[in-house]
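Examining the three-dimensional arrangement
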Amino acid sequence: MKNRSNLFAAALLAGLSFSAIKSTASVVELPQLRPVVFIDTVLNTPGAPAVVNPGDFAIAVLPDTQYYLAQAQLGGNFDMFKAQIEWIRKNQARENIAYVAHMGDITEHGDNPVTSKSEWYLAKTAIYGLENPVSIPYGLTVGNHDQFPSQYPVKGTTSGYNQYFGVKHFEGRPYYGGHYGDNNDSHYDKFTAGGVAFIVVFLEFDSHNEDQANLYTWANKILKDNASRKAIVVSHSILHFNPVKGTNTPQAPFNAEGKAIYESLKVNPNLFMMLCGHVGDNGEGYRTDVYEGHTIKTFLNDYQSRPNGGNGLMRLYKFSVKNNQLSVKTFSPYAKVEETDGDSQFTVLLFDKAVK
């Protein structure tokens, strides 16, 4: 649960645990909730909105960037992260980039007090490059390494994330839709490109099922309230990698959290695409599922286990509404390389029915 009553907040400020709070009428223990952390959200005045021209467009996708920050691992470095953002900025007009999505694990250690200031400062330094001199719509999903302790969306904290990417940071921007509960860990955006209206819903990592039922109920409502928009769901952990490297056959399996997301949201006919990171090794996966006649395509990309902590690899998803095609490109602006094997560069059907 994300909404807190004054009773809960007062108890935390008094140093009490929720398990110790009982009603005077009966012995009813209240559930543990995420600690209240008071922190100001950093504001940043964005530049003029990026222009998205009619016709084909693209979404840029940033996979796990955790090894590019303060305590870089496996050869990763901050220049790789900066190169990704700089490439998006320089190529926004040429590629007609309408939106940017980060797959989570923005940082490696989340709110760990030893590293949080430096890692989140570097993260915002890179990502705020999408806000000026022009404002390119973007959203980020919260991964397990963005939570502290890792993997706990309710008991843990996401103070660093909400300091730099909180509700007030995005409020008033034309693409920002709203949020779940009292922070921006789960939220949604809206944009229009190629003559089609889209909604992108971000769901916080929750593999231990601390709050899945409430979160997915919220997500279902958002998708239903925006039924006229084609929907993309982004969550850090949905798929395992492809069973056979270099090919999408056989298709990648859901993990437990991904299966829960799919089963909860598949009833929405506007949902056509899901994106995730989290799983390294080969770090690429793809599957399609059909429910009551509509197809949901799910894509995994996460290169942290590759040489140099990911080597700056990222993706560009190219949308051609006219041709009803969605093409995937995997490349590194830092290393100036492209991956062209069967699960790195491929084209699939965009929508079940072509949009006219």
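Residues numbered from 1 in each chain as written. Predicted model: local features only at pLDDT ≥ 70, side-chain atom pairs only at ≥ 80, totals over all residues. Heavy atoms only, no water.

Structural notes on the pairing of strand β9 (residues 230-235)
Convention followed: Using a 1.4 Å probe on the protein chains alone, a residue whose accessible area is under 20% of its type maximum counts as buried, one over 50% counts as exposed, and one in between counts as partly exposed. Put simply, DSSP marks the helices as runs of H or I at least four residues long and the strands as runs of E at least two long, and each gets a number from the N terminus on. What makes two strands pair is DSSP finding at least two bridges between them. The crossover handedness rule: strands pointing away from the viewer, path from first strand over the helix to second strand clockwise, crossover right-handed.
A large share of β9 lies buried, amounting to 5 of its 6 residues. When strand β8 (residues 196-203) meets β9, the two strands line up parallel, connected through 6 bridges. The residue of β9 that forms the bridge with I199 is A231. Taken together, β8, helix α6 (residues 212-225) and β9 constitute a β-α-β crossover, and its handedness is right-handed. In this fold, the crossover linking β9 to strand β10 (residues 271-276) by way of helix α7 (residues 256-265) has right-handed handedness.

Considerations on the packing of α6 against α7
For clarity, the cut-off: Axis definition: a line fitted to C-alpha atoms, limited for helices to the stretch in contact. Angles are taken between N-to-C directions and run from 0 to 180 degrees. Relative orientations are named as follows: roughly parallel for angles under 35 degrees, roughly antiparallel for angles over 145 degrees, roughly perpendicular for angles from 65 to 115 degrees, and oblique for any other angle. For any pair of crossing helices, the crossing counts as left-handed if the nearer helix is rotated counterclockwise from the farther one by less than a right angle, and right-handed if it is rotated clockwise. Note on contacts: a residue pair is in contact if any heavy atoms of the two residues lie within 4.5 Å. Charged means Asp, Glu, Lys or Arg here, nonpolar means Ala, Val, Leu, Ile, Met, Phe, Trp, Tyr, Cys or Pro, and polar covers whatever is left, Gly included.
Where α6 meets α7, the closest approach of the two axes is 10 Å, and the angle between their N-to-C directions is 40°. Between α6 and α7, the crossing angle belongs to the class labelled oblique. As α6 packs across α7, the resulting crossing turns out to be right-handed. Across from Q212, Y216, A219, N220 and L223 in α6, the residues of α7 making contact are E257, A260, I261, S264 and L265. Residue composition of the contact of α6 with α7, by class: 6 nonpolar, 3 polar and 1 charged.

A closer look at the sheet that holds strand β12 (residues 294-301)
Across the sheet, 7 strands lie side by side as β6-β7-β8-β9-β10-β12-β11; this open sheet has mixed pairing. One side of each edge strand has no neighbouring strand; the edge strands of this open sheet are β6 (176-179) and β11 (284-291). Strand-to-strand twist in this sheet, taken as the mean axis angle between neighbours without regard to direction, amounts to 20°. α6 rests against β6, β7 (187-193), β8 and β9 of the sheet, and its axis sits at about 175° to β8. Sheet contacts for α7: β8, β9, β10, β11 and β12; angle to β9, the most-contacted strand, approximately 155°.

Description of the pattern of salt bridges
Oppositely charged side chains can pair when the atoms bearing their charge come close. Applied cut-off: We define a salt bridge as a side-chain nitrogen of Lys or Arg found within 4 Å of a carboxyl oxygen belonging to Asp or Glu.
Following the criterion strictly, the structure yields 14 salt bridges and no others. Between D225 and K221 there is a salt bridge whose closest N-O contact spans 2.6 Å. Pair noted here: D225 and K221 are both in helix α6, with a separation of 4 residues, about one helical turn. Residue class for D225 comes out exposed when judged on its relative accessible area of 52%. Since its relative accessible area comes to 51%, K221 is described here as exposed. We note a salt bridge from K329 to E338, for which the minimum N-O separation is 3.7 Å. Residue classification places E338 among the partly exposed positions, given a relative accessible area of 47%. Among the ionic contacts, a cluster of salt bridges with common partners joins E284, R306, R315 and E339.

Side note on the nonpolar core
The tendency in soluble globular proteins is for nonpolar side chains to be buried as a group. Our working rule: For the purposes of this section, nonpolar cores are sets of buried Ala, Val, Leu, Ile, Met, Phe, Trp, Tyr and Cys residues that join through side-chain atoms within 4.5 Å.
Membership of the largest hydrophobic core comes to 35 residues, with the highest contact counts inside it found for F81, I88, V100, Y138 and F165. Only β2 (57-62), α2 (78-95), β3 (97-102), α3 (116-127), β5 (138-140), α4 (159-165), α5 (167-170) and β13 (314-320) provide two or more residues apiece to this core. The element best represented in this core is α2, accounting for 6 residues. Not counting residues up to four positions away in its chain, the partners in contact with F81 are L62, T65, Y68, L69, H102, A123, A126 and I127. In terms of nonpolar packing, the next biggest core, distinct from the first, is built from 29 residues, V200, F319, L326 and V328 among them.

Overview of the pairing of β3
Within β3, 6 of the 6 residues are buried, which leaves it mostly tucked inside the rest of the structure. Across 5 bridges, β2 lies against β3 in parallel orientation. Bridged to L62 within β3 is H102.

A few points about the packing of aromatic side chains
The following threshold applies: The criterion for an aromatic pair is that two Phe, Tyr or Trp rings (for Trp, the six-membered ring) have centres within 6.5 Å, with stacked assigned to planes under 30 degrees apart, edge-to-face to planes over 60 apart and tilted to the rest. Each ring is checked for a lysine NZ or an arginine CZ that lies within 6 Å of its centre and within 35 degrees of its normal; such an atom marks a charge sitting over the ring.
Tallied over the entire structure, the rule returns 21 aromatic pairs. Aromatic pair F254 and Y262: ring centres 5.3 Å apart, planes at 25°, arrangement stacked. On the basis of relative accessible area, Y262 is assigned to the buried category, the value being 6%. Joined through ring pairs, the aromatic side chains of F57, Y99, F191, F198, F272, F319 and F351 make up one cluster. Between R287 and the ring centre of F254, over which it is positioned, the NZ or CZ distance is 4.3 Å. Over the ring of F331 we find K329; its NZ or CZ atom is 5.0 Å from the centre of that ring.

Some remarks on the side chain of N282
For clarity, the cut-off: Polar contact is defined as a pair of N or O atoms within 3.5 Å, subject to the rule that within protein one atom must be able to donate a hydrogen and the other to accept it, and that residues adjacent in sequence are counted only when both atoms are side-chain atoms.
Tracing the backbone shows N282 in the loop between β10 and β11. The exposure class assigned to N282 is buried, which follows from its relative accessible area of 6%. In terms of polar contacts, N282 uses its side chain to reach the side chain of D343, at 3.3 Å. If we ignore the near neighbours within four places in the chain, the residues touching N282 are F241, K245, D302, R306 and D343.

Examining the packing of α2 against α3
Following both chains from N to C, one finds α2 and α3 inclined at 25°, their axes separated by 9 Å at the closest point. Regarding the angle of α2 to α3, the classification is roughly parallel. In this structure, α2 uses F78, F81 and I85 to contact α3, whose residues at the interface are L122, A123, T125, A126 and I127. Of the residues that constitute the contact of α2 with α3, the class distribution is 7 nonpolar, 1 polar and no charged.

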